[in-house]
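# Residue-level structural notes
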Amino acid sequence: MSGAELLRRYYAAFNAGDWDGMAALLTEDVAHDVNQGGRETGRAAFRAFLDRMAHHYAERVEDLVVMESADGARAAAEFTIHGRYLVTDSGLPEARGQTYALPVGAFFEIAGGKIARVTNFYNLKEWIAQVG
């Protein structure tokens, strides 16, 4: 499967709320660079991150565009994340069911037909302005 197809499956699983399906597409030692945060390592840590996020946010990826390097070792995705802020997240504004839409860029390393690194970027200040 190409890197582009791998990413399409990854985001289809995301939109379906299929966290186990997403995790199955990752290497065991996946590196996850959290937006404006640190790096988490491992499939179990990524799965725990998804659970935390699902507790605080209901999100859907739309307008997905996927790009892949010629050698298939790297891929990128650009999309709009549409969401609803469900439960207050630590250090962030109070949740009251606010909705938001943000452009997101995500970058991936691919190894052995699986995702070995996920790096996400979005404008946190814009998100705060939309929910604040």
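This is a predicted model, so every value here is computed, not measured.

Now for the pattern of salt bridges. Taken as a whole and judged by the stated rule, the model has eight salt bridges. The salt bridge partner of Arg9 is Glu5, with a shortest N-O separation of 3.4 Å. Placement of the pair is Arg9 and Glu5 together in helix H1 (residues 3–16), with a separation of four residues, close to one helical turn. Residue classification places Arg9 among the partly exposed residues on the basis of a relative accessible area of 44%. Across the salt bridge formed by Glu40 and Arg52, the nearest N and O atoms sit 3.2 Å from each other. Residue Glu40 is found in strand E2 (residues 39–41), and its partner Arg52 is found in helix H3 (residues 43–56); the two are separated by 12 residues along the sequence. A network of salt bridges, in which partner residues are shared, links Asp20, Arg47 and Asp51.

In this section: the pairing of strand E4 (residues 74–85). Where strand E3 (residues 57–68) meets E4, 10 bridges bridge the pair, whose relative direction is antiparallel. Residue pairing in the sheet places Met67 in a bridge with Ala76 of E4. Here E3 hands over to E4 after five residues, with Gly72 in that stretch at a positive phi of 75°. In terms of strand pairing, E4 meets strand E5 (residues 99–111) through 11 bridges, oriented antiparallel. Looking at the pairing, Ala76 lines up with Phe107 of E5.

Tracing the chain through its elements places Ala76 in strand E4. With relative accessibility at 13%, the residue Ala76 sits in the buried group. As a C-alpha pair, Ala76 and Val66 span 10 residues in sequence and 5.8 Å in three-dimensional space. Excluding residues that lie within four positions of it along the chain, Ala76 makes contacts with Leu7, Val65, Val66, Met67, Ala106, Phe107 and Phe108.

Attention now goes to the layout of surface pockets. Leftover empty space is mapped by rolling, across the atoms, a probe with the size of a water molecule. Each pocket or cavity is described by its volume, and for the largest pocket that value is around 690 Å³. Asn35, Phe49, Met53, Glu59 and Tyr122 are, among the 30 residues lining the largest pocket, the residues nearest its centre. Where the lining of the largest pocket is concerned, the elements lending two or more residues are H1, H3, E3, E4, E5, strand E6 (114–121) and helix H4 (124–131). It is H3 that contributes the most residues to the lining of the largest pocket, six residues altogether.

This part is about the nonpolar core. Ranked by internal contacts, the top residues of the largest apolar core, which has 34 residues, are Tyr10, Phe108 and Ile115. Per element, the largest residue contribution to this core is seven residues, and it comes from H1. The residues touching Phe108, leaving out its near neighbours within four places in the chain, are Leu7, Tyr10, Tyr11, Ala73, Arg74, Ala75, Ala76, Ala77, Ile115, Arg117 and Val118.

As paired elements, E5 and E6 share seven bridges and run antiparallel to each other. Counted as the bridge partner of Ala106 is Asn120 from E6.

One pass over the full model with this rule turns up 12 aromatic pairs. Seen from their ring centres, Tyr10 and Phe46 are 6.5 Å apart, and the 45° between their planes marks the pair as tilted. Of the two residues, Tyr10 sits in helix H1 while Phe46 sits in helix H3, which places them 36 residues apart along the sequence. This pair shows no difference in class: Tyr10 is buried, exactly as Phe46 is. Ring centres of Tyr11 and Phe79 lie 5.0 Å apart, and the angle between their planes is 55°; on these two criteria the pair is classed as tilted. With a gap of 68 residues between them, Tyr11 in helix H1 and Phe79 in strand E4 connect regions that are remote in the sequence. For the pair shown, Tyr11 and Phe79 are each scored as buried.

Scoring rules and cut-offs
- Residues numbered from 1 in each chain as written.
- Predicted model: local features only at pLDDT ≥ 70, side-chain atom pairs only at ≥ 80, totals over all residues.
- Heavy atoms only, no water.
- Salt bridge = Lys/Arg side-chain N within 4 Å of Asp/Glu carboxyl O.
- Helix = DSSP H or I, 4+ residues; strand = E, 2+ residues; numbered from the N terminus.
- Buried < 20%, exposed > 50% of the residue type's maximum accessible area, 1.4 Å probe, protein only.
- Pairing = 2+ DSSP bridges.
- Contact = heavy atoms within 4.5 Å.
- 1 Å grid on protein atoms, 1.4 Å probe; cavity = no way out; pocket = protein on both sides within 12 Å on 5 of 7 lines; lining within 4 Å.
- Points joined across faces, edges and corners; volume = space filled by probe spheres on them.
- Core = buried A, V, L, I, M, F, W, Y, C linked by side-chain atoms within 4.5 Å.
- Phe/Tyr/Trp six-rings, centres within 6.5 Å; stacked < 30°, edge-to-face > 60°.

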